[in-house]
Amino acid sequence: MSFKQNRITELFNIEYPLIQAGMIWASGWKLASAVSNAGGLGIIGAGSMYPDILKEHIQKCKKATTKPFGVNVPMLYPDIDKIMDIIIEEQVEIVFTSAGNPKTWTSHLQSRGIKVVHVVSSVKFAVKSQEAGVDAIVAEGFEAGGHNGRDETTTFTLIPMVREKIDIPLIAAGGIGNGKGMLAAMVLGADAVQVGSRFVATPEASSHQNFKEMVVKAQEGDTVLTLKELAPVRLLKNKFFEDVQELYTKSPSKEDLTALLGRARAKKGMYEGDLEEGELEIGQISGLINEIKPAAEIVEEMIAEFEATKIAAQNF
Ligand SMILES: Cc1cc2nc3c(=O)[nH]c(=O)nc-3n(C[C@H](O)[C@H](O)[C@H](O)COP(=O)(O)O)c2cc1C
């Protein structure tokens, strides 16, 4: 399908303004290459990878696709220097940074010819990212799966507010899982969308099958943003979440919450499939995800629905 090109498709040299989000324990080379091959932009999530594992994923992704792909790097990562060295050595062309100051890495990466996109959840940080010289911004609303902003600004309100304040290309994220959502986000001022949760329920995602099936079963109201004192995160309600709620009744300190969270909770839930004790990160849009299906089908369906809805909207 030929698609109208815009600033984002031109920036990344892709067919559709549809980006698969970098996601810990979900987006390795298989998912990223499948989305890139389907005409979107696939992203490897480095946040759950040791540097040598990331290197392997980048190399496998290069073999699996000739199309552009990116790497997402949460800046809280302890070995971030090594991660960035690998990205440069492997000549990755696009990096999405999140959870940190956009000034820290942007010019270093850009001076090596890498395009840099920073993820924000507020107007204030969107403006700071533009000032830091990033090539584009992802503005992620409160609906999104995974780590999120404290302000609870929804995608529907965040995108037009960010659009008013920045001129550079804008990518909307949070609560987008079909072509109608994609069109709505672009009507609100986005140049492209970043989709996370919908791509978890694919055979190509490296997430555990138990987790994928729970995502498919999830209904409206089954996720909640919690642990704001540490790093706000949207989770499926399970036993671990109930344990967090129980602790909140005792006015816990930050240390108490950190101790309950412990280490490797996210891996336990999303990668090892422990639906009771693990942390299960997913967005509100999970209520609309009813099937595990190949990433390429998701891309095709989203684009077809986007185009059909655009035509139908002329009769509004
Ligand atoms: C399982 C999961 C893991 C995620 N991991 C990351 C991550 O490592 N880095 C990051 O910047 N965002 C991460 N996110 C957020 C996504 O990149 C994306 O912005 C978000 O999923 C978009 O909202 P949606 O889930 O409603 O599509 C994660 C989201 C999910 C669902």
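All of these numbers come straight from a predicted model, not from anything done at the bench.

> Even after reading the chapter, I still don't get the side chain of Arg 198, so can you show me in this structure?
Counting through the fold element by element, Arg 198 comes out in helix H9 (residues 197–200). Glu 291 provides the closest opposite charge to the buried, unpaired Arg 198, separated from it by 6.1 Å. Within polar-contact distance, the side chain of Arg 198 engages the backbone oxygen of Ala 201 at 3.1 Å.

> Would you explain the pattern of salt bridges in this entry?
In a structure, side chains of opposite charge can pair up when their charged atoms sit close to one another. Applying the stated criterion across every chain, the model contains 13 salt bridges. A salt bridge links Asp 191 to Arg 163; the shortest N-O distance between them is 3.1 Å. Residue Asp 191 is found in the loop between helix H8 (179–187) and strand E9 (192–195), and its partner Arg 163 is found in helix H7 (residues 155–165); the two are separated by 28 residues along the sequence. In this structure Asp 191 comes out as buried when scored by relative accessible area, which is 12%.

> Would you take a moment to explain the domain arrangement of the protein for this structure?
Where the parts come together, the accessible area they lose is often given as the size of the interface. Domain boundaries in the protein define domain 1 (3–206 + 291–313) and domain 2 (209–285). Counting residues at the interface gives 24 residues for domain 1 and 23 residues for domain 2. Carbon and sulfur atoms make up 62% of the area that domain 1 and domain 2 hide from each other, which totals about 2,000 Å². It is Trp 25, His 147 and Arg 150 in domain 1 that bury the most area against domain 2; as a group they hold 29% of the surface buried on that side.

> Would you mind going over the pairing of strand E6 (residues 136–140) with me for this structure?
Looking down a regular strand, the side chains alternate between one sheet face and the other. Among the 5 residues in E6, 5 count as buried, and that is most of the element. Pairing of strand E5 (residues 115–120) with E6, which is carried by 4 bridges, proceeds in the parallel orientation. For His 118, the partnering residue across the bridge sits in E6 and is Ile 137. Regarding the hand of the β-α-β motif, the stretch spanning E5, helix H6 (residues 123–131) and E6 is right-handed. Pairing of E6 with strand E8 (residues 170–173) involves 4 bridges; the strand directions are parallel. In the sheet register, Ala 139 faces E8, and the bridge partner there is Ala 172.

What counts, and at which threshold
Residues numbered from 1 in each chain as written. Predicted model: local features only at pLDDT ≥ 70, side-chain atom pairs only at ≥ 80, totals over all residues. Heavy atoms only, no water. Helix = DSSP H or I, 4+ residues; strand = E, 2+ residues; numbered from the N terminus. Buried < 20%, exposed > 50% of the residue type's maximum accessible area, 1.4 Å probe, protein only. Lys, Arg positive; Asp, Glu negative; His and termini not counted. Salt bridge = Lys/Arg side-chain N within 4 Å of Asp/Glu carboxyl O. Polar contact = N/O pair within 3.5 Å; in protein donor to acceptor, adjacent residues only side chain to side chain. Domains from an automatic or database assignment. Contact = heavy atoms within 4.5 Å. Buried area = accessible area lost by both parts, 1.4 Å probe. Pairing = 2+ DSSP bridges. Right-handed = clockwise from strand over helix to strand, strands pointing away.

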